[in-house]
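# Summary of structural features
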Amino acid sequence: MNDTQMFEWGGATITVHPSTIRDEINKETIAWKLSDAGINANDNPLLFMRFLNCVTQSVIAGDIGYVPPAATDSPDDLRASFEAWSNLPGDLYRDWRDAIQAVNADPVAPELTPEVDAEALKKDPTS
């Protein structure tokens, strides 16, 4: 699990943390309620997942013109939050996306993984 990421935007600080079990359950709850409010995840799955990741894995200190929802919000309030988040500035999104990707990245980078010689393993599995 990677450390938290912080970035500044418009005088506010956004802290993004690695996903927890609570975050995952909140994502499922929000997704279910958004479905009830007529937002279909299949219409734009990337937008849908980015929204869920950003609002469940972030703490905003300051004003960015948006207040993240809570999983306890009504389906209609969650729909309004989804629509408002979808219309935030693109540069804010890019910073947020990068922070989410950094904390959710696989801790074992492929370039650090040793190469395996499959043919050598067939001959001597202990090598």
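Quick notes on the rules
Residues numbered from 1 in each chain as written. Predicted model: local features only at pLDDT ≥ 70, side-chain atom pairs only at ≥ 80, totals over all residues. Heavy atoms only, no water. Helix = DSSP H or I, 4+ residues; strand = E, 2+ residues; numbered from the N terminus. Buried < 20%, exposed > 50% of the residue type's maximum accessible area, 1.4 Å probe, protein only. Contact = heavy atoms within 4.5 Å. Areas by Shrake-Rupley, 256 points an atom, 1.4 Å probe, with all protein chains shown as cover. Salt bridge = Lys/Arg side-chain N within 4 Å of Asp/Glu carboxyl O. Axes fitted to C-alpha atoms, helices over the stretch in contact; angles between N-to-C directions. Parallel < 35°, antiparallel > 145°, perpendicular 65-115°, else oblique. Nonpolar A, V, L, I, M, F, W, Y, C, P; charged D, E, K, R; others polar. Pairing = 2+ DSSP bridges. Phe/Tyr/Trp six-rings, centres within 6.5 Å; stacked < 30°, edge-to-face > 60°.

### Regarding the overall build of the protein
From N to C terminus, the protein includes 5 helices and 3 strands. In the protein, the order of α-helices and β-strands from amino to carboxyl end is β-β-α-α-β-α-α-α. Going through the 127 residues of the protein one by one, you find that 32% of them count as buried. Sequence separation of at least 24 residues holds for 69% of the intrachain contacts in the protein that already meet a minimum separation of 6. Accessible surface, the protein as shown: approximately 8,000 Å² in total, 54% of it carbon and sulfur.

### Here's the deal with the pattern of salt bridges
All chains considered together, the criterion is met by 2 salt bridges. The shortest N-O distance in the salt bridge between K27 and E24 comes to 2.9 Å. Of this pair, K27 and E24 are both found in helix α1 (residues 21-36), 3 residues apart, which corresponds to roughly one turn of the helix. For E24, a relative accessible area of 35% gives the class partly exposed.

### Some words on the environment of P89
Within the secondary structure, P89 is located in the loop between α3 (75-86) and α4 (90-104). A relative accessible area of 34% places P89 in the partly exposed class.

### A closer look at the packing of α1 against α3
For the pair α1 and α3, the least separation of the axes is 8 Å and the interaxial angle reads 95 degrees. On the basis of the axis angle, α1 is roughly perpendicular to α3. Only P75, L78, R79 and F82 of α3 make contact with α1, whose side of the interface consists of I30, K33, L34 and D36. Considered class by class, the residues forming the contact of α1 with α3 number 5 nonpolar, no polar and 3 charged.

### Details of the pairing of strand β2 (residues 12-16)
Along β2, 4 of the 5 residues are buried, which leaves the element largely enclosed by surrounding structure. Judged from the 5 bridges that link them, strand β1 (residues 5-9) and β2 form a sheet pairing that is antiparallel. Across the sheet, residue E8 finds its bridge partner in β2, namely T13. Once β1 ends, the chain turns through 2 residues before running back antiparallel as β2, passing G10 with a positive phi of about 55 degrees. As judged from the 4 bridges shared by β2 and strand β3 (residues 58-61), these two strands associate in the antiparallel manner. Counterpart to I14 in the pairing with β3 is I60.

### Regarding the packing of aromatic side chains
With the rule as written, the count across this model stands at 5 aromatic pairs. Residues F51 and W85 carry aromatic rings whose centres are separated by 5.6 Å and whose planes lie at 65 degrees to one another, so their mutual orientation is edge-to-face. One end of the pair, F51, is in helix α2 (residues 45-56); the other, W85, is in helix α3, and 34 residues separate them in sequence. Here the two residues F51 and W85 agree in accessibility, since each one is buried.

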